[in-house]
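# Summary of structural features
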Amino acid sequence: MEIRFDGKRAMVTGAGKGIGRDIAKALHKCGADTVALSRTQADLDSLKEECPGIQIVTQDLSDWTRTRDTVSDLGNFDLLVNNAAVQRVGPFLEFGEKDIDFIFDTNFKGVFNVTQTVARGMVERGTGGAIVNISSLAATRGFDRHSLYCPSKAALNSLTQVLAIELGPKKIRVNSVLPTVVMTDMGRLGWSDPAKANPFIARTPTGRFAEVEDVTNAVLFLLSDKAAMINGTMLPVDGGYLAN
Ligand code: NDP
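Just so we're clear, the structure is a prediction, and the values are computed from it rather than from any experiment. (Residues numbered from 1 in each chain as written. Predicted model: local features only at pLDDT ≥ 70, side-chain atom pairs only at ≥ 80, totals over all residues. Heavy atoms only, no water.)

What follows concerns the overall build of the protein chain. Within the protein chain, the regular secondary structure consists of eight helices and seven strands. Radius of gyration (C-alpha) of the protein chain: 17 Å, near the 18 Å computed for a compact globule of 244 residues. Pairs at least 24 apart in sequence give 69% of the contacts found in the protein chain among residues at least 6 apart. For the protein chain, the distance from the average site of its 27 positive side-chain charges to the average site of its 28 negative ones is 3 Å. (Helix = DSSP H or I, 4+ residues; strand = E, 2+ residues; numbered from the N terminus. Rg over C-alpha atoms; globule rule 2.2 N^0.38 Å. Contact = heavy atoms within 4.5 Å. Lys, Arg positive; Asp, Glu negative; His and termini not counted. Charge placed at Lys NZ, Arg CZ, Asp CG, Glu CD.)

Here it is as structure tokens:
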């Protein structure tokens, strides 16, 4: 099954590193006019060196007003991947308001803000579009010391469902992808300890964590017309962990 995005304009947030970087490169390779938005300039510079055809944009999504302005200035999009997120692992009893804001400003408010700005353009043009939110297996389960990250991803899944209903009639599909652990910078933060990782892998029928490409492939499918009837879904990329 060949997937092409020729003639489409796409934005990927958090495209400086890890999963988002791979998605941006894949979209570009599949013919999309691709914008990679992220926070650290050096990451974007190295992405531009690797793929000169990708447009890079530096923006911290936790700044509501600047993000709104930046994304508005970028013009119209057909495809959006809300990938940027932050993680903070620690004991529930010690987290404070600043920790809550740190997680939710990017993982929920950032997605809300970018999606609203992009979707308004899609609706005005009347050409529709496809949006994929990178959620997590952590949205479906409680994980020890994840009292901020898990709820932020559960909120994101809920947003996916509501937007599927509100935007579906306007020809905009919205879906979530729920990866298991991927050994990016974020993955290493929580899962480097074999004592924690090994039981998790043992419960995964395919016997491994996900690779970045496993997530990218699911995202490309959901963005494409091959998924024209898929809207509001939560697609696990978890090797069967949730089935176990
Ligand atoms: P990384 O931490 O490796 O990369 C995240 C990228 O997002 C970085 O480029 C980061 O920039 C950027 N970013 C974070 N916050 C902001 C912000 N406020 N504004 C702009 N850019 C920002 O994460 P992953 O690639 O591992 O994760 C990608 C997505 O996949 C996330 O949504 C994550 O929750 C999800 N996920 C990851 C899993 C894993 O095990 N890795 C498992 C399940 C889901 P900077 O480096 O400057 O902070």
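From this point, things continue past the structure.
The alternating pattern of strand 4 (residues 79–82) places L79 and V81 and L80 and N82 on opposite faces, both of which are buried. Sheet topology note: the strand 1 (residues 9–13)/strand 4 ladder contains three bridges and is parallel. Paired with M11 across the two strands is L80, which belongs to strand 4. Two strands pair when backbone bridges link them, and strand 4 and strand 5 (residues 129–134) are joined in this way by four bridges, in the parallel orientation. Each bridged residue has a counterpart across the sheet, and for V81 the counterpart in strand 5 is V132. Taken together, strand 4, helix 4 (residues 97–125) and strand 5 form a β-α-β motif whose crossover is right-handed. (Buried < 20%, exposed > 50% of the residue type's maximum accessible area, 1.4 Å probe, protein only. Pairing = 2+ DSSP bridges. Right-handed = clockwise from strand over helix to strand, strands pointing away.)

Looking now at the sheet that holds strand 4. Spatially, seven strands are ordered 3-2-1-4-5-6-7 in an open sheet, and the strand pairing comes out parallel. Both edges of this open sheet fall to strand 3 (55–58) and strand 7 (234–237), since each of them pairs with a single strand only. When the angles between neighbouring strand axes are averaged without regard to direction, this sheet yields 20°. Two strands pair when backbone bridges link them, and strand 6 (residues 172–179) and strand 7 are joined in this way by four bridges, in the parallel orientation. Paired with V177 across the strands is L235, a residue of strand 7. Across the sheet, helix 5 (residues 149–167) lies against strand 5, strand 6 and strand 7, angled at about 160° from strand 6, the strand it touches most. (Axes fitted to C-alpha atoms, helices over the stretch in contact; angles between N-to-C directions.)

Moving on to the state of the cysteines. By the definition in use, this model includes zero disulfides. With no disulfide of its own, C51 has C30 as its nearest cysteine by sulfur position, at a separation of 12 Å. Of the residues examined, C51 reaches a relative accessible area of 11% and is grouped as buried. (Disulfide = S-S within 2.5 Å.)

Looking now at the pairing of strand 3. Note that strand 2 (residues 33–38) and strand 3 share four bridges and pair parallel. Bridging across to strand 3, S38 finds its partner in T58. In terms of handedness, the path from strand 2 via helix 2 (residues 41–50) over to strand 3 forms a crossover that is right-handed.

Residues annotated by UniProt as "domain: Ketoreductase" (unreviewed entry) correspond here to residues 8–194. A helix fraction of 47% and a strand fraction of 18% characterise residues 8–194, whose end C-alpha atoms lie 42 Å from each other. (UniProt positions renumbered as here; feature names shortened; annotations may be inferred.)

Attention now moves to the site of the ligand. Taken together, 30 residues are adjacent to the ligand, and K17, R39, T40, Y149 and T184 come closest. One of the side-chain N or O atoms of K17 is found 2.4 Å from an oxygen atom in the ligand. Residue assignment for the shell around the ligand shows that the elements contributing at least two residues are helix 1 (18–29), helix 5 and helix 6 (185–191). It is helix 6 that contributes the most residues to the shell around the ligand, three residues altogether. The residue makeup of the shell around the ligand, split by class, is eleven nonpolar, 14 polar and five charged. (Near = heavy atom within 4 Å. Polar contact = N/O pair within 3.5 Å; in protein donor to acceptor, adjacent residues only side chain to side chain. Nonpolar A, V, L, I, M, F, W, Y, C, P; charged D, E, K, R; others polar.)

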